[in-house]
Amino acid sequence: MAESLREHLVAYFEEHHTLVEAGALQLLLSNHQPLLLSRELVEHRVEGSPFVTVEMVERALALRAPPRPSTPADLRSSARPQDVRVEVPFELIREGFIGPPVASDPLAAYTALFQSRYRSLARLLRGRPELPNLRPISGLRAPDGPASIIGLVREVRTTPKRHHLLVTLDDESGSIDVLLPHDSPAARMTFLSDEVVGLRLQFSREPGKIPRAVAVERPDIPAVRPVGRAGRRRRAIFLSDLHIGSRSFLAESWGHLVDFLHGHGPRAEIAAEIDHVVVAGDLVDGIGIYPQQERDLAIADVVEQYAELGRRLSELPERMTIVVVPGNHDAVCPAEPQPALPTGLRSSFPPNVHSLANPSTFALQGVVVEAYHGRSFDDLIPAIPGASYSRPTEVMKRMLAMRHLAPIYGDRTPLAPLPRDGLVIDPAPDILVTGHSHTYGVDRYRGVLLLNASTWQAETEYQRMRNISPVPARAAVVDLSTLDLVTLDFSTGDPKPAGPAG
Ligand SMILES: [Fe+2]
Ligand SMILES: [Fe+2]
């Protein structure tokens, strides 16, 4: 574990063009929140300084000053050169939501959001050999030869006659139109509005001609990266879309899940290794979410729905850490990132529940999990040719390539104008889990395990109308030491391993 976490931290700093001193790394590894501290060091690093020193780590530790017996000096003296790491079962790394918008003028607030997005993603793209001679857009000069830019996609059009792609991009210095000839490989890619891409450009010798993009570079997950692995075999189970309060809540299947987790019946040996439960949103069915929803509700009061959720969560073994994030049916502001549930609504939750924002990044036994409900599927699926609700993991791959969960502004997913873009995917996770589609999907992309967790709600009239066929009562059980996975189907009292698709 110590080794794999060490590699993980080095790779994280490397991706952010930061070098970490050996002593500083040692200090981080001996702390109980190494991933959180590393993120803070990268984010609050003095601009221009490529180093993380022992002093910087000590300062960060002093600032946190938790009521713990250890001071930085104690940690250093007690840190043995090898195997200093005590495996922490749960470490919160970041919540997407960071408090309400500060700017009162919405235009200024959204400008700050997009600036934050641009800066976070440009930071990942800068310095790559694929983007030589990187220039601010306003600094491009036509006869200079090849040059590269990093831009936020503002508009994508197709030219009427030749069907070339014409993309308008902005950076902090200006904007530019770039042509992608219809027969070039780059033109076969889909560009989504408000995603951040790097482009290598070729200028024509003729003055006034639009530059051509000859290569496209996305922030993406590094092709080679160490994967955080737990040092011993413990497991996590991934669920989503409980929709407590709906008439279609699958109480019987939930009962089978509860029995299984308590070790009753078959596959008790797997259940005994499960320490964590993650629920990726739509915890309750809510009220007034879609037309005439009241006909589908068994509990018509939202406070009562959360009280029932508390009872359901209390049925799970107390020893398990339960992480929940809200979704679009939950009683928080629908704009994303969504805050965690207000305290009033979680008063009935058992003490082993961590109620977090949507999205949130946390580590389970050192394995980095990004949990996002998945509302942006509603925008990304229509925008990406060939994408569908039945294969949500294909869209999740695209999220990782963009390093963003919900880039499109002004469509079905409302974006909260926060000063920091909490939908940027950073750090790169080991597991990305979503829900919302009510289907079930498992895939892998560049070492990241993709899970679209299933639902505990049967098909509703509204879904039938919209042609959504749910795949309910499946759960992914992941071995955190290997990232191997078993899918269990809880439709019956004998949870059977099931295929990911059906
Ligand atoms: Fe849902
Ligand atoms: Fe949803």
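This structure is a prediction, so every number in the text was calculated from the model and none was measured.

(A) Spatial organisation of helix α4 (residues 54-64). Within the span of α4, buried status applies to V57, A60 and L61. Considered in projection along α4, the buried side chains sweep an arc of 100 degrees and stay on one side of the axis. Structural note: α4 exposes E55, A62 and L63 on the side pointing more than 90 degrees away from its buried face.

(B) Spotlight on the sheet that holds strand β13 (residues 360-364). In spatial order, the strands read β3-β13-β14-β15-β17-β16; together these six strands make up an open sheet with mixed pairing. Of all the strands in the sheet, just β3 (90-95) and β16 (441-445) have a single pairing partner and so form its edges. Adjacent strand axes in the sheet meet at a mean angle of 20 degrees when their direction is disregarded. In the sheet, strand β14 (residues 367-371) pairs with strand β15 (residues 431-434) via three bridges, with the strands oriented parallel. Its bridge partner lying in β15, V369 is registered against I431. The strands that helix α3 (residues 34-43) touches are β3, β13 and β14; relative to β3, the one it contacts most, it runs at about 25 degrees.

(C) Just the nonpolar core, in detail. Core analysis: the largest hydrophobic core is formed by 102 residues, its most contacted members being V178, F238, V278, V369, V433 and A475. Taken together, domain 2 (137-217) and domain 3 (235-492) each give at least three residues to this core, which thus spans both. With near-sequence residues (within four places) excluded, V278 lies in contact with A236, F238, L239, V323, V369, A371 and V433. Among the nonpolar cores identified, the runner-up in size contains 14 residues, and F13, L37, V57 and A60 belong to it.

Calculation notes
Residues numbered from 1 in each chain as written. Chains lettered and ligands numbered in written order. Predicted model: local features only at pLDDT ≥ 70, side-chain atom pairs only at ≥ 80, totals over all residues. Buried ≥ 20, exposed ≤ 12 C-beta atoms within 10 Å, placed from the backbone. Helix = DSSP H or I, 4+ residues; strand = E, 2+ residues; numbered from the N terminus. Arc of directions from axis to C-beta. Pairing = 2+ DSSP bridges. Axes fitted to C-alpha atoms, helices over the stretch in contact; angles between N-to-C directions. Contact = placed C-beta atoms within 7 Å. Core = buried A, V, L, I, M, F, W, Y, C linked by C-beta atoms within 7 Å. Domains from an automatic or database assignment.

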